[in-house]
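# Observations on the three-dimensional arrangement
Okay, here's what each chain looks like letter by letter:
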Amino acid sequence: MMPDLGKYADAVLSSYAVSLVLLALIVWLSLRRSKRIKSDLEEVERKVKSNG
Amino acid sequence: MSLNSLWEYANPKKFIQTTDRVLPWFAWSAALTLVVGLVWGFFFTPDDYRQGSTVKIIYLHVPSALMAINAWLMMLVTSLIWIVRRHHVSALAARAAAPVGMIMTVIALLTGAIWGQPMWGTWWAWDPRLTSFLILFLFYLGYIALWEAIENDDTAADLTSILCLVGSVFALLSRYAVNFWNQGLHQGASLSLDKEENVADVFWYPLLVAMAGFVLLFIALVLMRTRTEIRARRMRALLARERMGA
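As recorded in an unreviewed UniProt entry, chain A goes by Heme exporter protein D and comes from Roseovarius tolerans. The record in UniProt for chain A states the following under Subcellular location (unreviewed entry): "Cell inner membrane".

Below, the structure is given as C-alpha coordinates:
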(Lines give C-alpha, C1' and ligand atoms only; values in the text may rest on other atoms or scores of the structure.)
Protein backbone atom coordinates (compact mmCIF):
# COMPACT_ATOMS: atom_id res chain seq x y z
CA MET A 1 0.00 0.00 0.00
CA MET A 2 2.88 2.36 0.82
CA PRO A 3 3.97 4.16 -2.38
CA ASP A 4 7.59 3.82 -3.49
CA LEU A 5 9.06 7.23 -2.67
CA GLY A 6 12.52 6.32 -3.94
CA LYS A 7 15.46 8.50 -2.91
CA TYR A 8 13.17 11.28 -1.70
CA ALA A 9 11.43 9.17 0.96
CA ASP A 10 13.04 11.10 3.85
CA ALA A 11 11.97 14.48 2.46
CA VAL A 12 8.38 13.42 1.74
CA LEU A 13 7.85 11.52 4.99
CA SER A 14 9.40 14.23 7.18
CA SER A 15 7.20 16.87 5.48
CA TYR A 16 4.07 14.89 6.30
CA ALA A 17 5.25 14.09 9.84
CA VAL A 18 6.12 17.72 10.70
CA SER A 19 2.90 19.10 9.19
CA LEU A 20 0.58 16.57 10.80
CA VAL A 21 2.23 17.06 14.21
CA LEU A 22 1.83 20.86 13.93
CA LEU A 23 -1.81 20.58 12.81
CA ALA A 24 -2.56 18.15 15.66
CA LEU A 25 -0.82 20.51 18.09
CA ILE A 26 -2.91 23.57 17.17
CA VAL A 27 -6.14 21.51 17.31
CA TRP A 28 -5.18 20.07 20.72
CA LEU A 29 -4.12 23.44 22.17
CA SER A 30 -7.33 25.09 20.92
CA LEU A 31 -9.53 22.35 22.38
CA ARG A 32 -7.68 22.37 25.71
CA ARG A 33 -7.93 26.16 26.12
CA SER A 34 -11.58 26.11 25.06
CA LYS A 35 -12.43 23.54 27.75
CA ARG A 36 -10.40 25.32 30.44
CA ILE A 37 -11.84 28.78 29.79
CA LYS A 38 -15.40 27.40 29.62
CA SER A 39 -15.12 25.72 33.02
CA ASP A 40 -13.31 28.74 34.55
CA LEU A 41 -16.07 31.07 33.31
CA GLU A 42 -18.77 28.82 34.77
CA GLU A 43 -16.94 28.90 38.09
CA VAL A 44 -16.66 32.70 38.05
CA GLU A 45 -20.34 33.09 37.07
CA ARG A 46 -21.34 30.80 39.95
CA LYS A 47 -19.23 32.84 42.35
CA VAL A 48 -20.64 36.15 41.11
CA LYS A 49 -24.21 34.84 41.41
CA SER A 50 -23.66 33.59 44.97
CA ASN A 51 -22.17 36.97 45.96
CA GLY A 52 -25.35 38.61 44.65
CA MET B 1 -28.68 37.94 4.09
CA SER B 2 -28.58 41.73 4.38
CA LEU B 3 -25.61 43.60 5.78
CA ASN B 4 -27.69 44.65 8.77
CA SER B 5 -28.46 41.07 9.72
CA LEU B 6 -24.74 40.26 9.37
CA TRP B 7 -23.96 42.72 12.18
CA GLU B 8 -26.17 40.65 14.52
CA TYR B 9 -23.25 38.24 14.77
CA ALA B 10 -21.22 41.00 16.37
CA ASN B 11 -23.34 40.27 19.43
CA PRO B 12 -21.23 37.76 21.44
CA LYS B 13 -24.29 35.83 22.65
CA LYS B 14 -25.70 35.52 19.12
CA PHE B 15 -22.25 34.49 17.82
CA ILE B 16 -21.96 31.70 20.40
CA GLN B 17 -25.52 30.48 19.75
CA THR B 18 -24.98 30.36 15.98
CA THR B 19 -21.56 28.74 16.12
CA ASP B 20 -22.94 26.10 18.51
CA ARG B 21 -24.88 24.81 15.50
CA VAL B 22 -22.36 25.29 12.68
CA LEU B 23 -19.08 24.45 14.39
CA PRO B 24 -19.55 20.63 14.39
CA TRP B 25 -20.32 20.77 10.64
CA PHE B 26 -17.17 22.71 9.88
CA ALA B 27 -15.07 20.47 12.14
CA TRP B 28 -16.27 17.19 10.63
CA SER B 29 -16.14 18.40 7.04
CA ALA B 30 -12.60 19.71 7.68
CA ALA B 31 -11.52 16.31 9.02
CA LEU B 32 -13.14 14.48 6.10
CA THR B 33 -11.76 16.67 3.31
CA LEU B 34 -8.29 16.80 4.88
CA VAL B 35 -8.12 13.00 5.14
CA VAL B 36 -9.45 12.53 1.59
CA GLY B 37 -7.12 15.19 0.10
CA LEU B 38 -3.97 14.03 1.87
CA VAL B 39 -4.59 10.29 1.40
CA TRP B 40 -5.43 10.85 -2.28
CA GLY B 41 -2.34 12.99 -2.78
CA PHE B 42 0.04 10.75 -0.86
CA PHE B 43 -1.11 7.29 -1.95
CA PHE B 44 -2.87 7.69 -5.28
CA THR B 45 -0.93 10.22 -7.35
CA PRO B 46 2.08 9.46 -9.57
CA ASP B 47 5.58 10.91 -9.26
CA ASP B 48 6.38 14.02 -11.26
CA TYR B 49 8.79 13.45 -14.17
CA ARG B 50 11.17 16.13 -12.88
CA GLN B 51 10.56 16.31 -9.12
CA GLY B 52 9.95 12.61 -8.46
CA SER B 53 8.00 11.78 -5.30
CA THR B 54 8.73 15.19 -3.72
CA VAL B 55 5.71 16.47 -5.67
CA LYS B 56 3.61 14.91 -2.88
CA ILE B 57 4.76 17.74 -0.59
CA ILE B 58 2.59 20.08 -2.67
CA TYR B 59 -0.54 18.84 -0.81
CA LEU B 60 0.83 20.35 2.40
CA HIS B 61 2.97 23.22 1.16
CA VAL B 62 0.51 25.00 -1.14
CA PRO B 63 -2.58 24.80 1.13
CA SER B 64 -0.62 25.91 4.21
CA ALA B 65 0.98 28.83 2.30
CA LEU B 66 -2.45 29.79 0.99
CA MET B 67 -3.89 29.84 4.50
CA ALA B 68 -0.86 31.65 5.97
CA ILE B 69 -1.58 34.61 3.69
CA ASN B 70 -5.39 34.44 3.80
CA ALA B 71 -5.45 34.14 7.59
CA TRP B 72 -3.65 37.49 7.76
CA LEU B 73 -6.07 38.99 5.24
CA MET B 74 -9.00 37.74 7.33
CA MET B 75 -7.34 39.38 10.36
CA LEU B 76 -7.03 42.58 8.30
CA VAL B 77 -10.77 42.61 7.54
CA THR B 78 -11.79 41.91 11.15
CA SER B 79 -9.26 44.48 12.43
CA LEU B 80 -10.73 47.10 10.10
CA ILE B 81 -14.23 46.24 11.37
CA TRP B 82 -12.93 46.76 14.92
CA ILE B 83 -11.34 50.11 14.02
CA VAL B 84 -14.45 51.38 12.21
CA ARG B 85 -17.37 49.82 14.13
CA ARG B 86 -15.80 48.80 17.49
CA HIS B 87 -17.33 45.31 17.48
CA HIS B 88 -15.49 43.24 20.09
CA VAL B 89 -16.20 39.93 18.36
CA SER B 90 -14.31 41.05 15.26
CA ALA B 91 -11.22 42.03 17.28
CA LEU B 92 -11.40 38.72 19.14
CA ALA B 93 -11.77 36.82 15.85
CA ALA B 94 -8.53 38.42 14.63
CA ARG B 95 -6.82 37.43 17.88
CA ALA B 96 -8.20 33.88 17.54
CA ALA B 97 -6.94 33.53 13.96
CA ALA B 98 -3.34 34.60 14.61
CA PRO B 99 -1.95 31.37 16.16
CA VAL B 100 -3.65 29.30 13.44
CA GLY B 101 -2.15 31.53 10.73
CA MET B 102 1.24 31.29 12.41
CA ILE B 103 1.14 27.48 12.41
CA MET B 104 0.20 27.56 8.71
CA THR B 105 3.20 29.84 8.04
CA VAL B 106 5.53 27.49 9.93
CA ILE B 107 4.22 24.49 7.95
CA ALA B 108 4.74 26.39 4.68
CA LEU B 109 8.28 27.42 5.66
CA LEU B 110 9.30 23.95 6.91
CA THR B 111 7.81 21.98 4.02
CA GLY B 112 9.32 24.54 1.63
CA ALA B 113 12.77 24.04 3.17
CA ILE B 114 12.45 20.24 3.13
CA TRP B 115 11.26 20.37 -0.49
CA GLY B 116 13.90 22.91 -1.51
CA GLN B 117 16.84 20.86 -0.27
CA PRO B 118 16.62 18.03 -2.85
CA MET B 119 15.27 20.28 -5.65
CA TRP B 120 17.40 23.44 -5.28
CA GLY B 121 20.29 21.94 -3.30
CA THR B 122 19.67 24.26 -0.35
CA TRP B 123 17.31 24.45 2.64
CA TRP B 124 17.03 28.21 2.44
CA ALA B 125 17.76 31.10 0.10
CA TRP B 126 17.09 34.82 0.56
CA ASP B 127 14.63 34.60 -2.29
CA PRO B 128 11.84 37.27 -2.37
CA ARG B 129 9.01 34.87 -1.59
CA LEU B 130 10.86 32.96 1.11
CA THR B 131 12.06 36.14 2.77
CA SER B 132 8.62 37.80 2.73
CA PHE B 133 7.18 34.62 4.25
CA LEU B 134 9.77 34.69 7.02
CA ILE B 135 8.85 38.32 7.73
CA LEU B 136 5.16 37.36 7.74
CA PHE B 137 5.99 34.71 10.39
CA LEU B 138 7.74 37.38 12.50
CA PHE B 139 4.66 39.61 12.16
CA TYR B 140 2.48 36.77 13.44
CA LEU B 141 4.80 36.37 16.44
CA GLY B 142 4.76 40.11 17.12
CA TYR B 143 0.98 40.29 16.78
CA ILE B 144 0.42 37.43 19.26
CA ALA B 145 2.98 38.89 21.69
CA LEU B 146 1.32 42.32 21.55
CA TRP B 147 -2.09 40.88 22.48
CA GLU B 148 -0.49 39.06 25.43
CA ALA B 149 1.52 42.07 26.57
CA ILE B 150 -1.38 44.55 26.96
CA GLU B 151 -3.84 44.05 29.78
CA ASN B 152 -6.61 46.34 28.55
CA ASP B 153 -8.55 44.50 25.83
CA ASP B 154 -9.59 47.61 23.89
CA THR B 155 -6.08 49.07 23.85
CA ALA B 156 -4.70 45.70 22.76
CA ALA B 157 -7.28 45.49 19.98
CA ASP B 158 -6.40 49.03 18.80
CA LEU B 159 -2.64 48.45 18.72
CA THR B 160 -2.80 44.97 17.20
CA SER B 161 -5.17 46.29 14.51
CA ILE B 162 -2.57 48.87 13.50
CA LEU B 163 0.14 46.18 13.47
CA CYS B 164 -2.14 44.05 11.32
CA LEU B 165 -2.53 46.88 8.79
CA VAL B 166 1.26 47.21 8.55
CA GLY B 167 1.78 43.44 8.31
CA SER B 168 -0.72 43.23 5.46
CA VAL B 169 1.94 44.69 3.19
CA PHE B 170 4.05 41.58 3.81
CA ALA B 171 1.10 39.24 3.47
CA LEU B 172 0.49 40.69 0.00
CA LEU B 173 4.20 40.71 -0.81
CA SER B 174 4.35 37.00 0.13
CA ARG B 175 1.67 36.33 -2.44
CA TYR B 176 3.03 38.48 -5.25
CA ALA B 177 6.79 38.49 -4.52
CA VAL B 178 7.50 36.23 -7.48
CA ASN B 179 5.68 38.63 -9.82
CA PHE B 180 7.16 41.82 -8.33
CA TRP B 181 10.76 40.62 -8.39
CA ASN B 182 11.29 38.29 -11.28
CA GLN B 183 14.21 36.56 -9.59
CA GLY B 184 14.98 33.95 -6.93
CA LEU B 185 14.51 30.21 -6.73
CA HIS B 186 10.80 30.01 -6.03
CA GLN B 187 8.56 29.26 -8.99
CA GLY B 188 5.46 31.26 -9.94
CA ALA B 189 1.91 30.32 -9.02
CA SER B 190 1.11 26.59 -9.24
CA LEU B 191 -2.57 27.45 -9.39
CA SER B 192 -3.95 29.81 -11.90
CA LEU B 193 -7.06 30.40 -13.95
CA ASP B 194 -4.73 30.10 -16.94
CA LYS B 195 -4.76 26.38 -17.80
CA GLU B 196 -1.27 26.59 -19.31
CA GLU B 197 0.26 27.65 -15.98
CA ASN B 198 -1.56 25.12 -13.81
CA VAL B 199 -0.22 21.84 -12.49
CA ALA B 200 -1.50 18.73 -14.31
CA ASP B 201 -5.03 17.53 -13.50
CA VAL B 202 -3.74 14.38 -11.80
CA PHE B 203 -2.13 16.60 -9.11
CA TRP B 204 -4.65 19.44 -9.31
CA TYR B 205 -7.80 17.60 -8.13
CA PRO B 206 -6.35 16.13 -4.90
CA LEU B 207 -4.68 19.52 -4.31
CA LEU B 208 -8.08 21.23 -4.56
CA VAL B 209 -9.50 18.82 -1.97
CA ALA B 210 -6.51 19.34 0.34
CA MET B 211 -6.90 23.12 0.01
CA ALA B 212 -10.61 22.84 0.87
CA GLY B 213 -9.59 20.78 3.92
CA PHE B 214 -7.16 23.47 5.10
CA VAL B 215 -9.76 26.22 4.56
CA LEU B 216 -12.41 24.30 6.51
CA LEU B 217 -9.94 23.48 9.30
CA PHE B 218 -9.02 27.15 9.53
CA ILE B 219 -12.68 28.18 9.77
CA ALA B 220 -13.45 25.52 12.40
CA LEU B 221 -10.43 26.49 14.52
CA VAL B 222 -11.12 30.23 14.26
CA LEU B 223 -14.78 29.76 15.24
CA MET B 224 -13.81 27.62 18.22
CA ARG B 225 -11.02 29.96 19.30
CA THR B 226 -13.22 33.07 18.89
CA ARG B 227 -15.80 31.48 21.22
CA THR B 228 -12.98 30.89 23.71
CA GLU B 229 -11.79 34.49 23.43
CA ILE B 230 -15.36 35.77 23.96
CA ARG B 231 -15.67 33.67 27.13
CA ALA B 232 -12.22 34.73 28.35
CA ARG B 233 -13.16 38.38 27.84
CA ARG B 234 -16.42 37.94 29.75
CA MET B 235 -14.51 36.24 32.56
CA ARG B 236 -12.01 39.12 32.79
CA ALA B 237 -14.90 41.62 32.87
CA LEU B 238 -16.71 39.73 35.65
CA LEU B 239 -13.54 39.43 37.72
CA ALA B 240 -12.83 43.15 37.25
CA ARG B 241 -16.39 44.00 38.36
CA GLU B 242 -15.96 41.76 41.42
CA ARG B 243 -12.72 43.52 42.35
CA MET B 244 -14.38 46.95 41.96
CA GLY B 245 -17.29 45.85 44.16
CA ALA B 246 -15.05 44.38 46.87
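After that view, the rundown keeps rolling.
### Some details on the packing of helix H3 (residues 58-85) of chain B against helix H4 (residues 88-120) of chain B
Residues and elements named next belong to chain B. Interhelical geometry of H3 versus H4 gives an angle of 155 degrees and a closest axis separation of 7 Å. In terms of their interaxial angle, H3 and H4 are classed as roughly antiparallel. Two packed elements cross with a definite hand, and for H3 against H4 that hand is left-handed. Tallied by class, the residues present in the contact of H3 with H4 amount to 19 nonpolar, ten polar and no charged.

### Here we look at the UniProt feature "transmembrane region" (unreviewed entry) in chain A
Those places that UniProt annotates as "transmembrane region" (unreviewed entry) correspond, in this numbering, to residues 12-31 of chain A. The span residues 12-31 of chain A is 100% helical and 0% strand by assignment, and the distance between its end C-alpha atoms comes to 29 Å.

### A closer look at the pattern of salt bridges
All names here are of chain B. Under the criterion given, the structure shown has ten salt bridges over all chains. Note that Glu229 and Arg95 form a salt bridge whose closest N and O atoms lie 3.7 Å from each other. Taken together, the residues span a long stretch of sequence, with Glu229 in helix H7 (residues 201-245) and Arg95 in helix H4 at a distance of 134 residues. Look at Glu229 and you get buried, because its relative accessible area is 4%. With a relative accessible area of 12%, Arg95 lands in the buried category.

### Quick word on the nonpolar core
Within the largest apolar cluster, 70 residues are counted, with the highest numbers of intra-cluster contacts made by Tyr59, Trp72, Met75, Met104, Tyr140 and Tyr143 of chain B. Among the elements of the structure, helix H1 (9-50) of chain A together with helix H2 (12-43), H3, H4, helix H5 (128-149), helix H6 (153-180) and H7 of chain B are those that each provide at least two residues to this core. Broken down by element, the residue count for this core peaks at 15 residues, all from H4 of chain B. Excluding residues that lie within four positions of it along the chain, Trp72 of chain B makes contacts with Leu136, Phe139, Tyr140, Tyr143, Leu163, Cys164, Gly167, Ser168 and Ala171 of chain B. Ile37 and Val44 of chain A together with Ala232 and Leu238 of chain B belong to the second-largest nonpolar core, a separate cluster that totals six residues.

Cut-offs applied
Residues numbered from 1 in each chain as written. Chains lettered and ligands numbered in written order. Predicted model: local features only at pLDDT ≥ 70, side-chain atom pairs only at ≥ 80, totals over all residues. Heavy atoms only, no water. UniProt positions renumbered as here; feature names shortened; annotations may be inferred. Axes fitted to C-alpha atoms, helices over the stretch in contact; angles between N-to-C directions. Helix = DSSP H or I, 4+ residues; strand = E, 2+ residues; numbered from the N terminus. Parallel < 35°, antiparallel > 145°, perpendicular 65-115°, else oblique. Left-handed = near helix turned anticlockwise from the far one by under 90°. Nonpolar A, V, L, I, M, F, W, Y, C, P; charged D, E, K, R; others polar. Salt bridge = Lys/Arg side-chain N within 4 Å of Asp/Glu carboxyl O. Buried < 20%, exposed > 50% of the residue type's maximum accessible area, 1.4 Å probe, protein only. Core = buried A, V, L, I, M, F, W, Y, C linked by side-chain atoms within 4.5 Å. Contact = heavy atoms within 4.5 Å.

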